[in-house]
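Single-letter residue listing:
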Amino acid sequence: TPKTFGLYTGMHFCNLLKVSAKEKVRNYAGHTLLHIYKFLSQEERNDIAVELLRALEMENYQFTKYIPNYLGRLLLYLQPTELDEVIDDLEEKIRQSSIQIVFLLLKTIGICIENYPEYAKRFNEERRLNKKRLDRLLGLLLNGMASFNNEIKTEAFRIIGSHIFNSNKLLLEEKCEIFTMISKKILTLLPKREDDEFVFLSNSSSLNSIYRFILD
């Protein structure tokens with residue numbers, strides 16, 4: 001039963017997601033974790049979330065790149081106080097980590113924002129507090145755009161384009177709310193001119209996602 005074997009089973013799938021040599025097994029483990037996570041106690045959920053956050057710091061990117069897709073959604077099963085502590089931790093890690101780890105952290109945040117409307121339904125929380133947390137999560141992506149590192153800046157904007165404005169999970173009204181919260185800051189943070197062709201194309205793609213949202 002989940003009460004008896006919950007943490008053991010959860011950690012088993014957590015380890016498969018972290019280190020399995022086969023992509024199919026990693027994705028199966030991630031989907032299964034999402035399925036069983038709601039049956040775990042809050043303490044067990046917290047332990048698995050912390051374990052996966054640590055796993056983002058492993059050196060082998062071919063394994064770690066799969067974790068944000070699941071971690072970003074698993075975090076939304078944590079109680080508000082625990083989730084707020086994780087956001088504090090994410091903020092700290094973004095400041096101190098290597099570029100590769102920052103990419104994974106930003107993607108985790110993007111997935112979290114994309115699925116964030118579920119959180120209000122899952123936990124009975126004041127609308128004001130719920131929106132304040134969303135503002136914090138968006139702030140972490142905007143901080144990425146404000147980075148002195150061009151790769152981090154570009155990746156943060158790519159995530160805003162692909163996981164928010166090009167999302168098929170967020171409703172138009174939800175995207176509208178986010179747009180009103182961050183649009184002015186995006187305009188301020190975007191470079192006026194970009195000579196690097198890759199950065200130019202990546203930013204163009206993100207802008208295109210925002211334009212398509214506006215046209216909707």
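Residues numbered from 1 in each chain as written. Predicted model: local features only at pLDDT ≥ 70, side-chain atom pairs only at ≥ 80, totals over all residues. Heavy atoms only, no water.

### Focus on empty space enclosed by the protein
Formally: Definitions used for this entry: grid spacing 1 Å over protein atoms alone; cavity, a set of points where a 1.4 Å probe fits but cannot get out; pocket, an open set with protein on both sides within 12 Å along at least 5 of 7 lines; lining residue, one with an atom within 4 Å of a point. Grid points are joined across faces, edges and corners, and a volume is the space filled by probe spheres set on the points. Think of it this way: any DSSP run of H or I at least four residues long counts as a helix, any run of E at least two long counts as a strand, and we number them from the N terminus. Only Asp, Glu, Lys and Arg are considered charged in this grouping, and only Ala, Val, Leu, Ile, Met, Phe, Trp, Tyr, Cys and Pro are considered nonpolar; every other residue, Gly among them, is considered polar.
All chains considered together, the criterion is met by one cavity of 30 Å³ or more. Size it by volume and the largest cavity reaches roughly 50 Å³. In terms of lining, the largest cavity is formed by Met145, Asn150, Lys153, Thr154, Phe157, Leu189, Leu190, Pro191, Val199 and Asn203. Among the elements of the structure, helix H10 (150-165) and helix H12 (197-215) are those that each provide at least two residues to the lining of the largest cavity. Per-element accounting of the lining of the largest cavity gives the leading share, four residues, to H10. When its residues are assigned to classes, the lining of the largest cavity shows six nonpolar, three polar and one charged.

### Thoughts on helix H7 (residues 99-114)
The line we're drawing: Working rule for helices: expected span equals 1.5 Å times residues minus one. The rule is simple: take the accessible area with a 1.4 Å probe, protein chains only, and divide by the maximum for that residue type; under 20% is buried, over 50% is exposed, in between is partly exposed.
Along its 16 residues, H7 runs 22 Å from first to last C-alpha, staying within 8% of the 22 Å computed at 1.5 Å per residue. Taking burial as the measure, the 16 residues of H7 include twelve buried ones, the bulk of the element. Along H7, the residues that are buried comprise Ile101, Val102, Leu104, Leu105, Leu106, Thr108, Ile109, Gly110, Ile111, Cys112, Ile113 and Glu114.

### Overview of the nonpolar core
This is how it is decided: Residues belong to one nonpolar core when they are buried, are Ala, Val, Leu, Ile, Met, Phe, Trp, Tyr or Cys, and are joined through side-chain atoms within 4.5 Å. By definition, residues are in contact when any of their heavy atoms lie within 4.5 Å.
Residues Leu52, Ile113, Ile160, Ile178, Ile182 and Ile186 are the most contacted members of the largest nonpolar core, which totals 62 residues. A per-element tally of this core places H7 first, with eight residues. Residues contacting Ile178, with those up to four places away along its chain left out, are Ile113, Leu134, Leu138, Ile164, Phe165 and Leu170.

### Here we look at the pattern of salt bridges
Quick reminder of the rule: A carboxyl oxygen of Asp or Glu within 4 Å of a side-chain nitrogen of Lys or Arg is what we treat as a salt bridge.
Under the criterion given, the structure shown has 14 salt bridges. Here Arg136 and Asp88 are joined by a salt bridge, their closest N and O atoms 2.8 Å apart. Taken together, the positions of Arg136 in helix H9 (residues 127-145) and Asp88 in helix H6 (residues 80-96) put the pair 48 residues apart, joining distant regions of the chain. Here Arg136 falls in the partly exposed class, since its relative accessible area comes to 28%. Bridged by salt links that share partners, the residues Lys18, Glu51 and Arg54 form one connected network.

### Quick look at the packing of helix H3 (residues 42-55) against helix H5 (residues 67-74)
Selection criterion: To obtain each axis, a line is fitted to C-alpha atoms, and for helices this fit is confined to the stretch in contact; angles are then taken between N-to-C directions over 0 to 180 degrees. A clockwise turn of the near helix away from the far one marks a right-handed crossing, whereas an anticlockwise turn of less than a right angle marks a left-handed crossing.
At a closest axis distance of 10 Å, the pairing of H3 and H5 adopts a crossing angle of 150°. As H3 runs across H5, the sense of the crossing is left-handed. Where H3 abuts H5, its residues Ala49, Leu52, Leu53 and Ala55 lie against Ile67, Leu71 and Leu74. A class-by-class count of the residues in the contact of H3 with H5 yields seven nonpolar, no polar and no charged.

### Describing the packing of aromatic side chains
Just so we agree on the cut-off: In summary, the pairing rule links any two rings of Phe, Tyr or Trp, Trp by its six-membered ring, whose centres are within 6.5 Å, and it sorts them by plane angle into stacked for under 30 degrees, edge-to-face for over 60 and tilted for everything else. Both a distance and an angle decide whether a charge sits over a ring: NZ of Lys or CZ of Arg must be within 6 Å of the ring centre and within 35 degrees of the ring normal.
A complete count under the given rule lists seven aromatic pairs for this structure. A centroid spacing of 5.8 Å and a plane angle of 15° characterise the contact between Tyr116 and Tyr119, whose relative ring orientation is stacked. Each member of the pair, Tyr116 together with Tyr119, is buried. Ring geometry for Tyr119 versus Phe123: centroids 4.9 Å apart, planes at 45°, classification tilted. This pair shows no difference in class: Tyr119 is buried, exactly as Phe123 is. The rings of Tyr116, Tyr119 and Phe123 are connected pair by pair, giving a single aromatic cluster. Stacked on the ring of Tyr77, the Lys or Arg Arg122 has its end atom at 3.7 Å from the ring centre.

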